[in-house]
Amino acid sequence: MTKITTFDSTLRDGAQAEGISFSVEDKLNILKTLDKLGIDIIEAGNPGSNPKDIAFFEELKGVELRHAVLCAFGSTRRPGISPEDDTNLLAILEAGTPYAAIFGKASSFHVEEIIGTTLEENLAMVEDSCRFLTDRGVKVIFDAEHFFDGYKLNAEYALAVLQAAERGGAVSLALCDTNGGSLPTEIAMIIRELQKTIAAEIAIHAHNDIGVGVANSMAAVEAGATQVQGTFLGYGERCGNANLSTIIANLQLKMGYDCIETDGIQNLTSAAIKIAEISNFALSGKEPYIGKSAFAHKGGMHIDAVMKAPSSFEHILPETVGNSRRILMSEVSGRGTIIQLINEVDPTIDKHSEATTRVMDRIKALEYEGYQFEGAESSIRLLIRKELGKFKPFFEIEDFKTIGEKPVAGRAISASAVVKLSVDGEEAINAAEGDGPVNALDKALRKTLETFYPSIRDLRLTDFKVRVIDQGATASKVRVLIESTDGQDIWSNVGVSTDVIEASLIALIDSVEYKLLSDMERRVREYHLV
C-alpha cells in the first residue's frame, strides 16, 4: 500500500471559516484529537500573526504527541529585504516546529498585480525563504498559492516558482487550488505534466468552491501526489477546504492507500463529533462516513435487505469508521424494523412474539398521541427497554416549576426553574436561571443530577425543534425534538404534550436517561475487555 501523508490545517485554514473562533484550549484539544487519530502533520497556525497563535505555540512547547509532527505557517520573505530581517520567518524559527509551511505566489498575475513586485524578485523570495529555514534544520513545505490558476495562465512561470522552492531545499511542494475552481481532470493532467520535471514530493491543497475539493484531492493522488492537505471537517474560508475525513476514508477504504492506522480509521466518527463539538459547529448528519445519517435506513424493504445482507444498501460496514447503523421508525417501516431494535436489547425475541406485539401497540398509541420517532431513535430504544422490563430509571422527577419574567433591558435571563428529583430514594432540589423557561429547566435538571452523575457535565443540547401537531390554537399539542451530544456521541429524543414546557421536559429526561444508559453500557464493555 502506497503511503499518503496526511496534513491537517483545521487549526489554521479551518480557523478562517465564518463563525469559527478557536481558543488556545480549543486548539490544544483539537490537536490531541487529530494526533490520536493518526494524522501525520498538523499545521498549528501562524506564530507571527496574532497574540492567540503566539500563546498557542508557547503552549505547544510542553506538549508531547503520539504520532503527529507540528508545522508552523508563514509566508515567504517580503520583497526587498533579506530573510534574516523578516519577522515572519524569524517567528517560525522561534516556534521550533519540525516543519514549516511557507506560502508564495505561483501566479504571475498575483505577483505583479496583488503583491506588486517583479517576477524575478518573487522567484528570489521563494528560494531565499526556503533555503533560510532549511539551512536551520526546518523541513519546508512550499505552498504554491494560486498554483493551478497560475499554471493555466502562465505554465512556464508557475513551474519556475516550484523549481525555485526545490532549489531552496523544500521537501514538499503543495499545489494549491486556492480559488477552488479547478476540475479533477485539470488537476490530474497538470500533476502528471509536473512529474516530468519535479523531483520533490507533490502535495495537493484543494478548496471546495465548486464542490469538488474531495474529488480534486483524490484525482491528485491518482496522478501521483503523495501528500493530501485539508481540514478535518472541511472548515475553511468561503465554501471551505477539502474535507480530510472523507478523503482519508476514500483513499484508504476505496482506493487501497495507506493514510492512517486501522485503529485510527475506526475512530473517524468519534473524532469528527469531538472536533465539531469543540468548534461549536453542528454536524448536518449528511457527511459521508461520519454523519449520523450515513448509515440510516427508513424504507421497510431497504431495512429488511440490509439486515439480511448489509452490502445490499451499505457501501461499507459502519463499524469500519466507528459509526453505527440506524433503523428509522416511520410510517413506511413495519414489524421487521421493530424486531431489529428489540433484538439489540433481547436477541431471543422474534417478530411474532407477544413482546413484539406489545412494543408495537405502545408505539402506535404514542404515534396516535402525536409522537413521531423518525430521527428520535434514542427515545424508541428507551421505550423498548421499558416495555420489556429491562430499564431501571436513573432518577425520578418529584416536582418542577418554571417562572417566566420580563427581562431587564440588556439582560438575557428571562426565566427561572426549580427541579426536585430523587435518586435511589435520596432527594435533591436545585434552581437555575435561563434564557426562557426551557433553557432554565434544562440547566436546573442537569445541575441537580450532576451531584449523582458527574458525567452529565459533558451533556449539551445542540438542536431544539418545536412543531404544532393539531389545530387547537393555544391548546394545541406540540412535539419537541431535541438533539444532544456529550462530545463522543450524538442522539435525538422526542416529547409530546399540550404544554410546550412539559413536552420539552419529557424529551430532556429521555436525553439524560439515554446518556446515563450509554455511559453504563460503555463501562460494562470496557470491564469485559479488561
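Criteria and thresholds
- Residues numbered from 1 in each chain as written.
- Predicted model: local features only at pLDDT ≥ 70, side-chain atom pairs only at ≥ 80, totals over all residues.
- Heavy atoms only, no water.
- UniProt positions renumbered as here; feature names shortened; annotations may be inferred.
- Helix = DSSP H or I, 4+ residues; strand = E, 2+ residues; numbered from the N terminus.
- Areas by Shrake-Rupley, 256 points an atom, 1.4 Å probe, with all protein chains shown as cover.
- Domains from an automatic or database assignment.
- Contact = heavy atoms within 4.5 Å.
- Buried area = accessible area lost by both parts, 1.4 Å probe.
- Salt bridge = Lys/Arg side-chain N within 4 Å of Asp/Glu carboxyl O.
- Polar contact = N/O pair within 3.5 Å; in protein donor to acceptor, adjacent residues only side chain to side chain.
- Nonpolar A, V, L, I, M, F, W, Y, C, P; charged D, E, K, R; others polar.
- Buried < 20%, exposed > 50% of the residue type's maximum accessible area, 1.4 Å probe, protein only.
- Core = buried A, V, L, I, M, F, W, Y, C linked by side-chain atoms within 4.5 Å.
- Phe/Tyr/Trp six-rings, centres within 6.5 Å; stacked < 30°, edge-to-face > 60°.
- Lys NZ or Arg CZ within 6 Å of the ring centre and 35° of its normal.
- Pairing = 2+ DSSP bridges.
- Axes fitted to C-alpha atoms, helices over the stretch in contact; angles between N-to-C directions.
- Parallel < 35°, antiparallel > 145°, perpendicular 65-115°, else oblique.
- Left-handed = near helix turned anticlockwise from the far one by under 90°.

In the nomenclature of an unreviewed UniProt entry, the protein chain is known as Citramalate synthase of Pseudoramibacter alactolyticus ATCC 23263. On record in UniProt, under Catalytic activity (unreviewed entry), the comment for the protein chain is "pyruvate + acetyl-CoA + H2O = (3R)-citramalate + CoA + H(+)". The heading Sequence similarities (unreviewed entry) in the UniProt record of the protein chain holds the text "Belongs to the alpha-IPM synthase/homocitrate synthase family."

A.B. asks: Honestly, the overall build of the protein chain in this entry has me stumped. Any pointers?
C.D. replies: When helices and strands are tallied, the protein chain shows 18 helices and 16 strands. C-alpha atoms of the protein chain, sized along the principal axes, occupy 80 × 60 × 50 Å. Surface summary for the protein chain: the accessible area is close to 23600 Å², and the carbon and sulfur share equals 51%.

A.B. asks: Looking at this model, I keep getting lost on the domain arrangement of the protein chain. Mind explaining?
C.D. replies: Quite often, the size of an interface is put as the accessible area lost when its parts meet. According to the domain assignment, the protein chain contains domain 1 (5–279), domain 2 (296–388) and domain 3 (396–529). Contact with domain 2, which involves 14 residues of that partner, is made by 16 residues of domain 3. Approximately 1200 Å² of surface area, both sides summed, lies buried where domain 2 meets domain 3, with 51% of it carried by carbon and sulfur atoms. The interface formed by domain 2 and domain 3 includes 2 salt bridges. Arg-385 is paired through a salt bridge with Glu-521; the nearest N and O atoms lie 2.4 Å apart. Our count for the contact surface shared by domain 2 and domain 3 stands at 9 residue pairs in polar contact (both at pLDDT 80 or more). The leading source of residues in the side of domain 2 that touches domain 3 is helix H16 (residues 377–387), at 7 residues. A per-class count over the side of domain 2 that touches domain 3 returns 4 nonpolar, 5 polar and 5 charged.

A.B. asks: Which parts of the structure should I look at to understand the UniProt feature "domain: Pyruvate carboxyltransferase" (unreviewed entry) in the protein chain?
C.D. replies: In the numbering adopted here, UniProt assigns the feature "domain: Pyruvate carboxyltransferase" (unreviewed entry) to residues 4–266. The annotated region residues 4–266 carries 43% helix and 17% strand content, and the separation between its end C-alpha atoms amounts to 18 Å.

A.B. asks: Whenever I open this one, the side chain of Gln-227 confuses me. Can you help?
C.D. replies: For Gln-227, the position within the fold is in strand E8 (residues 227–230). Given a relative accessible area of 1%, Gln-227 falls into the buried group. A distance of 3.3 Å separates a polar atom in the side chain of Gln-227 from a polar atom in the side chain of Glu-201.

A.B. asks: Hey, could you run me through the nonpolar core in this one?
C.D. replies: Counting 90 residues, the largest nonpolar core has Leu-133, Phe-142, Phe-147, Leu-194, Phe-232 and Leu-233 as the members making the most contacts within it. Ranked by residues supplied to this core, first place goes to helix H12 (residues 268–279) with 7 residues. Leu-233 has contacts with Asn-243, Ser-245, Ala-272, Ile-275, Ala-276, Leu-283 and Ile-290, leaving out every residue within four places of it along the chain. In this structure, Leu-382, Ala-415, Ala-417 and Trp-491 belong to the second largest nonpolar core, which totals 31 residues.

A.B. asks: Would you explain the environment of Lys-152 in this entry?
C.D. replies: Tracing the chain through its elements places Lys-152 in helix H6 (residues 147–153). What makes Lys-152 partly exposed here is its relative accessible area of 41%. As a C-alpha pair, Lys-152 and Ile-397 span 245 residues in sequence and 67 Å in three-dimensional space. What Lys-152 contacts, discounting residues up to four positions off in sequence, is Ser-182, Glu-186 and Ile-190. A polar contact of 3.2 Å, which involves the side chain of Lys-152, links it to the side chain of Ser-182.

A.B. asks: Which parts of the structure should I look at to understand the packing of aromatic side chains?
C.D. replies: Remark: the centre distance and the inter-plane angle together describe each pair of aromatic rings, the angle taken between the planes. This model, assessed by the stated rule, comprises 9 aromatic pairs. Measuring from centroid to centroid gives 6.2 Å for Phe-56 and Phe-57, while their planes differ by 65°, and the two rings are edge-to-face. Accessibility assignment for this pair places Phe-56 and Phe-57 in one class, buried. Ring centres 5.9 Å apart and planes at 85° place the aromatic pair Phe-394 and Tyr-453 in the edge-to-face group. Of this pair, Phe-394 sits in the loop between H16 and strand E11 (396–404) while Tyr-453 sits in the loop between helix H17 (437–449) and strand E14 (460–468), placing them 59 residues apart in sequence. On the basis of relative accessible area, Phe-394 is assigned to the buried category, the value being 13%. Taken together, the aromatic side chains of Phe-147, Phe-148 and Tyr-151 make up a single cluster linked through ring pairs. The ring of Phe-73 has Arg-12 lying over it, and the distance from NZ or CZ to the ring centre is 3.7 Å.

A.B. asks: So what exactly am I meant to see when it comes to the sheet that holds strand E13 (residues 426–434) here?
C.D. replies: The pairing of strands in a sheet comes from backbone hydrogen bonds and takes either a parallel or an antiparallel form. Taken together, the 3 strands give an open sheet; going across it, the order is E11-E12-E13, and neighbouring strands pair in antiparallel fashion. Since the sheet does not close on itself, it has two edges, and those belong to E11 and E13, each with one partner. If you compare each strand with its neighbour and ignore which way they point, the axes differ by 10° on average. Packing of H17 onto the sheet brings it into contact with E11, strand E12 (415–423) and E13, and relative to E13 it is tilted by some 145°.

A.B. asks: Is there a simple way to think about the packing of helix H15 (residues 354–369) against H16 in this case?
C.D. replies: Helix-helix packing is described using two parameters, namely the angle between the two axes and the distance between the axes. Where H15 contacts H16, the two axes come as close as 10 Å, and the packing angle between them is 130°. Classed by the angle they form, the pair H15 and H16 counts as oblique. Our pair here, H15 against H16, has a crossing hand that is right-handed. Counted together, Arg-358, Val-359, Arg-362, Ile-363 and Leu-366 of H15 and Ile-380, Leu-383, Ile-384 and Glu-387 of H16 form the full contact between these two elements. The residue inventory of the contact of H15 with H16, partitioned by class, reads 6 nonpolar, no polar and 3 charged.

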